[in-house]
Amino acid sequence: MLPSSSLTAISVGYFLALLFGFISTAFISRWMATTYGARSSLGLHFALITIVAAPLCVGSITHLFPDVFLNVLVLIPAMIWSMYLLYTGIPIALEITAEKGMLMASALVGWLLVASVSLLGISVGLWTLGIGPFLGV
Amino acid sequence: MDGLSLHKKLEENAGLLIFGILFVSIIGGLVQVLPVLFQESLSTATENTRVYDAVELTGRDIYIREGCSVCHSQQIRPLIAEVMRYGPYSRAGEFVYDRPFLWGSKRTGPDLHRIGGKYSDIWHRVHLLDPRSVVKNSIMPAYPWLANREANANNDIQLKMRVLQKLGHPYTEADIEAAPASLEGLKEIDTLIRYLQVLGAGSDQFKKPKEEETS
Amino acid sequence: MPDTIEQYYHDNVVTRLVQFSVIWAVVAMSVGVYLAAELVAPTLDFGQPWLSFGRLRPLHTNGIIFGFGVSALMGTAFYSVQRTSHVPLYAPKLAWVCCYGWQLVILLGGLSLLAGWTSSKEYAELEWPFDIAITILWVGFGIVFFGTIARRKIKPIYISNWFYGAMIIVVAMIHIVNSLAIPVTFSKSYSLYAGAQDAVVQWWYGHNAVGFLLTGGFLGMMYYFLPKQANRPLWSYRLSVVAFWAFTYTYIWAGPHHLHYNAIPEWVQSLAVVMSLILLAPSWATMINGIMTVRSASEKLKTDPALKFIVLSLAFYGLATFEGPMMAIRSVNVISHFTDWTIGHVHSGALGWNAMVTYGTFYFLVPRLAGKELYSVGLANLHFWLALAGTMLYIISMWAAGVSQGLLWLSVDEIGELSYGFKDIMASMVPYYGLRLIAGLIFLSGTILMAYNLYMTMKGCKPVLVKPPKVDPAYSV
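Analysis parameters
- Residues numbered from 1 in each chain as written.
- Chains lettered and ligands numbered in written order.
- Predicted model: local features only at pLDDT ≥ 70, side-chain atom pairs only at ≥ 80, totals over all residues.
- Heavy atoms only, no water.
- Helix = DSSP H or I, 4+ residues; strand = E, 2+ residues; numbered from the N terminus.
- Buried < 20%, exposed > 50% of the residue type's maximum accessible area, 1.4 Å probe, protein only.
- Contact = heavy atoms within 4.5 Å.
- Areas by Shrake-Rupley, 256 points an atom, 1.4 Å probe, with all protein chains shown as cover.
- Rg over C-alpha atoms; globule rule 2.2 N^0.38 Å.
- Lys, Arg positive; Asp, Glu negative; His and termini not counted.
- Charge placed at Lys NZ, Arg CZ, Asp CG, Glu CD.
- Buried area = accessible area lost by both parts, 1.4 Å probe.
- Salt bridge = Lys/Arg side-chain N within 4 Å of Asp/Glu carboxyl O.
- Polar contact = N/O pair within 3.5 Å; in protein donor to acceptor, adjacent residues only side chain to side chain.
- Patch = residues over 30% accessible without salt bridge, like charges linked within 9 Å, V, L, I, M, F, W, Y side chains within 5 Å.
- Axes fitted to C-alpha atoms, helices over the stretch in contact; angles between N-to-C directions.
- Left-handed = near helix turned anticlockwise from the far one by under 90°.
- Pairing = 2+ DSSP bridges.
- Phe/Tyr/Trp six-rings, centres within 6.5 Å; stacked < 30°, edge-to-face > 60°.
- Lys NZ or Arg CZ within 6 Å of the ring centre and 35° of its normal.
- Expected span 1.5 Å × (residues − 1).
- Parallel < 35°, antiparallel > 145°, perpendicular 65-115°, else oblique.
- Nonpolar A, V, L, I, M, F, W, Y, C, P; charged D, E, K, R; others polar.

K.L.:
Any chance you could explain the overall build of chain A here in plain terms?
P.N.:
If you tally the helices and strands in chain A, you get four helices and zero strands. The N-to-C order of helical and strand elements in chain A reads α-α-α-α. For chain A, the C-alpha atoms occupy an extent of roughly 50 × 30 × 25 Å along the three principal directions. Counting over 137 residues, chain A shows a buried share of 40%. Partitioning the intrachain contacts of chain A with sequence separation of at least 6 by distance along the chain shows that 50% fall at a separation of at least 24. Counting every atom, chain A has about 7600 Å² of accessible surface; 79% of that belongs to carbon and sulfur.

K.L.:
Mind showing me how you'd approach the overall build of chain C here?
P.N.:
Assigned secondary structure in chain C consists of 14 helices and two strands. Since a compact globule built from 477 residues should have a radius of gyration of about 23 Å, the 22 Å found for chain C is in line with a globular shape. Judged by the C-alpha coordinates and their principal axes, chain C covers about 85 × 50 × 45 Å. Within chain C, buried positions represent 67% of all 477 residues. Long-range contacts, defined here as pairs at least 24 residues apart, represent 83% of the contacts in chain C between residues at least 6 apart. Carbon and sulfur atoms form 70% of the exposed surface of chain C, whose accessible area is close to 15500 Å². When the 27 positive and 21 negative side-chain charges of chain C are each reduced to one mean point, those points stand 18 Å apart.

K.L.:
How should the interface of chain C and chain B be read in this particular structure?
P.N.:
Frequently, the measure chosen for interface size is the accessible area that the parts lose on association. Taken residue by residue, the interface counts 93 residues in chain C and 84 residues in chain B. Contact between chain C and chain B buries roughly 7500 Å² in total, counting both sides, with carbon and sulfur atoms accounting for 70%. Inspection of the region where chain C meets chain B yields three salt bridges. Counting every contact that joins chain C to chain B gives 22 residue pairs in polar contact (both at pLDDT 80 or more). Looking at the side of chain C that touches chain B element by element, the count peaks at 10 residues for helix α6 (residues 195-230) of chain C.

K.L.:
Looking at this model, I keep getting lost on a nonpolar patch on the surface. Mind explaining?
P.N.:
Residues and elements named next belong to chain A. Taken together, the side chains of V12, F15, L16, L19, I23, F27 and F46 define a hydrophobic patch exposed on the protein surface, amounting to about 650 Å² of accessible area. Here the nonpolar patch gets six residues from one element, more than from any other, and that element is helix α1 (residues 4-36). Its place among the elements puts V12 in helix α1. By relative accessible area, V12 is classed as partly exposed at 45%.

K.L.:
Whenever I open this one, unusual backbone geometry confuses me. Can you help?
P.N.:
As a rule of thumb, non-glycine residues mostly have phi less than zero, and peptide bonds are mostly trans rather than cis. Residue P100 of chain B is bonded to the preceding R99 of chain B through a cis peptide linkage, with omega at -10°. Counting through the fold element by element, P100 of chain B comes out in the loop between α4 (80-86) and α5 (121-129). In the Ramachandran plot, H86 of chain C falls in the positive-phi region, its phi being about 60° despite a non-glycine side chain. For H86 of chain C, a relative accessible area of 15% gives the class buried.

K.L.:
Is there a simple way to think about the packing of α6 of chain C against helix α11 (residues 340-370) of chain C in this case?
P.N.:
Each packed pair of helices is defined by two parameters, the angle between the axes and the distance between the axes. All names here are of chain C. Here α6 crosses α11 at 35°, and the two axes come no closer than 10 Å. When you trace α6 past α11, the crossing you get is left-handed. Residues L214, T215, F218, L219, M221, M222, F225, K228 and Q229 of α6 form the contact with α11, whose participating residues are W353, N354, V357, T358, G360, T361, F364 and L365.

K.L.:
Before we go on, may I ask you to explain the pattern of salt bridges in this structure?
P.N.:
Close approach of charged atoms lets side chains of opposite charge pair. Tallying each qualifying case throughout the model produces 23 salt bridges over all chains. The partner of R107 of chain B in a salt bridge is D111 of chain B, with the nearest N and O atoms 3.3 Å apart. A single burial state applies to R107 of chain B and to D111 of chain B, both of which are buried. Where R330 of chain C meets E266 of chain C, a salt bridge forms, and the shortest distance between an N and an O atom there is 3.1 Å. Here the residue R330 of chain C occupies a position in helix α10 (residues 330-336), and E266 of chain C occupies one in helix α8 (residues 266-294), the gap between them amounting to 64 residues. With relative accessibility at 19%, the residue R330 of chain C sits in the buried group. Since its relative accessible area comes to 53%, E266 of chain C is described here as exposed. Sharing partners across several salt bridges, the network here consists of R50, D53, E56 and R194 of chain B.

K.L.:
Just checking my understanding: could you explain the pairing of strand β1 (residues 181-185) of chain C for this structure?
P.N.:
Each regular strand displays side chains that alternate between the two surfaces of the sheet. Residues and elements named next belong to chain C. As paired strands, β1 and strand β2 (residues 188-191) are joined by four bridges and run antiparallel to one another. Pairing of T185 across the sheet is with K188, part of β2. The turn joining β1 and β2, which pair antiparallel and follow one another in sequence, is formed by two residues.

K.L.:
Sorry, what's going on with the packing of aromatic side chains here?
P.N.:
The geometry of an aromatic ring pair comes down to the distance between the two centres and the angle between the two planes. With the rule as written, the count across this model stands at 40 aromatic pairs over all chains. An aromatic cluster is present here, built from Y87 of chain A together with F68, F309, Y359, Y363, F384, W385 and F443 of chain C joined pairwise through their rings. Across the ring face of Y79 of chain C, the terminal group of R83 of chain C is positioned such that the distance to the ring centre comes to 3.7 Å. One cation-aromatic arrangement involves R368 of chain C over F364 of chain C; the distance from NZ or CZ to the ring centre is 3.8 Å.

K.L.:
Would you mind showing me how to read helix α14 (residues 430-458) of chain C here?
P.N.:
For an α-helix the count is 3.6 residues per turn, leaving residues at separations of three or four pointing the same way. For α14 of chain C, which comprises 29 residues, the first-to-last C-alpha distance of 42 Å matches the rise-based estimate of 42 Å (1.5 Å per residue) to within 8%. In the stretch just after α14 of chain C, G460 of chain C is the one whose phi turns positive, near 70°.

K.L.:
I keep staring at the environment of L279 of chain C and nothing clicks. Help me out?
P.N.:
Residues and elements named next belong to chain C. With respect to the element layout, L279 can be found in helix α8. Residue classification places L279 among the buried positions, given a relative accessible area of 7%. With residues near it in sequence (within four places) discarded, L279 still touches F247, T250 and Y251.

K.L.:
What exactly am I supposed to notice about the side chain of N178 of chain C here?
P.N.:
All names here are of chain C. When you line up the elements, N178 lands in helix α5 (residues 159-178). What makes N178 buried here is its relative accessible area of 3%. Apart from residues lying up to four places away in sequence, N178 is in contact with K121, A124, Y193, V201, Q202 and Y205.

K.L.:
Mind showing me how you'd approach the packing of helix α3 (residues 68-94) of chain A against helix α4 (residues 98-128) of chain A here?
P.N.:
All names here are of chain A. It is at 8 Å that the axes of α3 and α4 come closest, and there the two elements cross at 130°. Comparing their axes, α4 and α3 come out oblique. By crossing handedness, the relation of α3 to α4 is classed as right-handed. Each of M83, L86, Y87, I90, P91 and L94 in α3 lies in contact with α4, whose residues at this interface are A98, G101, M102, M104, A105, S106, L108 and V109. When grouped by side-chain class, the residues that make up the contact of α3 with α4 number 12 nonpolar, two polar and no charged.

K.L.:
Any chance you could explain the side chain of E94 of chain B here in plain terms?
P.N.:
Residues and elements named next belong to chain B. By the element assignment, E94 lies in the loop between α4 and α5. Polar side-chain contacts of E94 include one of 2.8 Å to the side chain of R114. A polar atom in the side chain of E94 sits 3.2 Å from the backbone nitrogen of S203. Residues within four places of E94 in sequence aside, it is in contact with T46, T49, Y89, H113, R114, G200, G202 and S203.

Spatial relationships are all this shows, so hold off on functional conclusions.
Structure below.
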């Protein structure tokens, strides 16, 4: 069992990362809207991102059971569902054709991948600098 | 735009374009790689590093042949946890006789740079022939054929040593003469174990055994 | 009386190279899947040396890079250089020699790897006889390519040719320098370089093989086929000029980021960090150029699965060229070096960028070479989703494995002792290796669907004869 200070730090950090992720993705999505001729209301984009991420958020209840296999079993289908919602939801919510939606969704996937790897890199960089678990570096 | 009209010349002349590419791409190598190739300290052996003898050389070439460096590194980084786990960090002067270098780029298995002397010959033998018999959850493949093949089956040990001698390895004529005899009766697995057992002996943090104690 | 063959583009050699590329994709990816399986079930080598992980791995990497990759690059280079020069291939017989010669060399080379003939230097494992054969064939490739450009009827050389050309020139340079060795026997040589010096040369080679073959060459492919598929002009010519030269200059320096905290001079490592970060700019500039070119072409997506692949490949190109510089930073590299994160990074580029841009190009190119519609658009669409799913699962499983490894290897407890044993850490990786195996199977199944689709498209078709069109006098030589 981790010490409670560590648990608090991880939980708060995770929550802040999620907040940042949702808000920044909504902004990026709205920024892309002009290129693809989509509706550009920030609230609409935020709502869309929330719906797209919903399967992952609800599915992450499996984190309560720290077993890799269980988490994978639940979260992989959840992610597939989220991707499906992204590709089908963009044309519907942002009122563009399916084809333009496909292009915009792919661009957003690009952003999400870059954001994920940045999160990975920033976390790792912080750990190495001493913020986080105790490492012999 | 001046830059763009200059570039037009490059775009309309294949020779200029080729030259331009060559010129631009060679700079990095000249600045970064060339000085390294002439840096004395990178090709000067540490006090305890010696050239591989015939048996160890044969073992090393088997290590290369079987792709051991695909899963095992030989490079201990100057990080506290790494030094605690594997031993003193690796210095350039320990690798001057390594052709090619075997630092590896992946650790599916542990780093081996200072594996020498940590396990007995018997342990290595059993482990190479069936890893799971000594390490329960190991995913290392087994190498049963090493126990069946003669060490000097290709009879090329003298040729190898002569080539390395040309490249600057300090082998004497006596070493080369005696080489096939030293491999007599050995199987490939014996030579590989001998190689593994000298890995890491070159660290200048190890004290050299007194001459009188070795016979 | 038909016109002489000299008046038509030489596309038969292109078709053959595309076919070989697809075959290599299926073969080398199957080897990859087998390797993934061996990491979960290590007795899958059945005690046979030629099935052993250490010998199979270079077969996979060389089969992908030199079999799948170079065949695709050679074929698409021959296709696009003719059309951007408005002139048939220079020395078409030599092109055929390169085509079949290359296949023979890589096939025999692959078999030699199974026999244990290896230098162990990554992506340069083939021993000296093959190194020499490769050099000769590569020079032949250069002669055909640059010869065609020299004979061109259009004055300006289109940008895709700069990238293919840079690939040919730089790969020749790094291959020759890194392969220098003294032969002992036909199957064995000793490297001219030793130890730390060998390490620096090897990664100058290794990184630039990735940079100029897997990145530069495929950018050449993208720069020709993307505007063609989207039926749009390139978004910014100016950007492409700046990006090309910045790319060619900067990439060369990034090699030593494979050697952080290793026994090489500190200044070499630091230089590599800086240049790797700078490299982000030209890479993303190129990606943006591609995306902006295609953004208005969405109506084609309904009927054209090829465009889907190319668009997504640009997203993964962006990821890979962002992740690379990030992993080149020392404090990130401390965790990532030697772990599966590196493998994940490689495959986000190889599957997400290289494979997908090639697949998109083939779905566009093969119907044109065959003079027929693609056999099944539905299958191609299914392939798209399989490729995306496989790539994502691969990346995510390897991120999880890699970061775990890196963290756990370095973890020290409150009293200053190592927290975990190496054996235990690696035993906990098996679920991730299992996921990666599934990812590989998914990606491979998509590739097999494509092979079938393209085969059915090409079956029974006659070669299409295409004449170079008339050149606008304003651009005429």
